Amino acid sequence: MPQLSSSRKKKRVGILGGTFNPPHLGHLIIAEEVADQLGLDKVLFIPDSTPPHVDHKAAASAAKRKAMVELSIAGNPRFELNTCELDRGGISYTYDTLQELRLRHPDWEYYFIIGGDMVAYLPKWHKINELVKLVHLVGVARSGYPKKSNYPILWVDVPLIEISSTDIRWRIQHGCSLKYLVLDSVIDYIRKEGLYRV
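First things first, this report covers the structure right here in the doc. Note that the coordinates shown come from a computational prediction; the quantities given were computed from them, not determined experimentally. (Residues numbered from 1 in each chain as written. Predicted model: local features only at pLDDT ≥ 70, side-chain atom pairs only at ≥ 80, totals over all residues. Heavy atoms only, no water.)

So, about the packing of aromatic side chains. Tallied over the entire structure, the rule returns four aromatic pairs. Judged by centre distance (5.0 Å) and plane angle (55°), the rings of F45 and F79 are tilted. Separated by 34 residues along the polypeptide, F45 in strand β2 (residues 42–47) and F79 in strand β3 (residues 79–81) bring together distant segments of the chain. Pairing F112 with W125 gives two aromatic rings, centres 6.0 Å apart and planes at 85°, and the pair type is edge-to-face. Pair noted here: F112 is in strand β4 (residues 108–115) and W125 is in the loop between α5 (116–119) and α6 (128–131), with a separation of 13 residues, a long-range link. The burial state of F112 is the same as that of W125; both residues are buried. Cluster of aromatic residues (ring-pair linked, three or more members): F20, F45 and F79. A cation over a ring is seen here: K179 above Y180, with NZ or CZ 5.7 Å from the ring centre. (Phe/Tyr/Trp six-rings, centres within 6.5 Å; stacked < 30°, edge-to-face > 60°. Helix = DSSP H or I, 4+ residues; strand = E, 2+ residues; numbered from the N terminus. Buried < 20%, exposed > 50% of the residue type's maximum accessible area, 1.4 Å probe, protein only. Lys NZ or Arg CZ within 6 Å of the ring centre and 35° of its normal.)

With the rule as written, the count across this model stands at 11 salt bridges. One salt bridge in this structure joins K64 and E193, with 3.5 Å as the shortest N-O distance. Separated by 129 residues along the polypeptide, K64 in helix α2 (residues 62–73) and E193 in helix α8 (residues 184–193) bring together distant segments of the chain. Overlapping salt bridges, with partners in common, bring together E32, D36 and R78 in one network. (Salt bridge = Lys/Arg side-chain N within 4 Å of Asp/Glu carboxyl O.)

The subject of this paragraph is helix α7 (residues 165–173). The set of residues buried in α7 consists of S165, I168, R169 and I172. All buried residues of α7 fall inside an arc of 100° around its axis, so they share one side. (Arc of directions from axis to C-beta.)

With that settled, consider the sheet that holds β3. Strand order in the open sheet made by the six strands is β3-β2-β1-β4-β5-β6, with parallel pairing throughout. Each having just a single partner strand, β3 and β6 (153–156) make up the two edges of the open sheet. Taking the axes of each pair of neighbouring strands and ignoring which way they run, one obtains an average angle of 30° across the sheet. Where β2 and β3 come together, three bridges link them in parallel fashion. (Pairing = 2+ DSSP bridges. Axes fitted to C-alpha atoms, helices over the stretch in contact; angles between N-to-C directions.)

For the peptide bond that leads from N21 to P22, omega is 5°, which places it in the cis range. Looking at the secondary structure, you find P22 in the loop between β1 (11–18) and α1 (25–38). Here the phi dihedral of F20 falls at roughly 50°; this positive angle occurs in a residue that is not glycine. Its location among the elements puts F20 in the loop between β1 and α1.

Shown next, in the form of structure tokens:
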């Protein structure tokens, strides 16, 4: 049987996971900056099904979060929606997702993008010691969080964009503008679907 050449270049693929409740410009800027600085071929946006630590009462349905991600990444050929966690259902663990992706694409090299705030929680992640053998962890600096970890982290400096989905939901509930925080197409979708109203 012919052997694959070991010199064949692996596809470098970033992963940006999250609830995306809703997705905002901060997510897009981080994905673009990391892709540029690390020379990634593409970035997979992976909405989670049931995140381990989120108030589910405040979350839009999986179908609506998926639709908002699709609207957010439209027009960027380097960005791609991946629904493996939504399709799998249940609690979304990064370890399970990486196992699934590596089975589908064993020749890809994966870079999992996390904010500096999440780096501090890595010791509590499901099967973290096994996970770090499957993927490169990419840390994005956040104000108030040190750039250090006991785990191997590739730190990437990106423009400090203090936008959060929690703040956006608060703004919607209080009738504040979302302009320049969320793409116009997503704002229109949120209004049409009546999302995040009290």
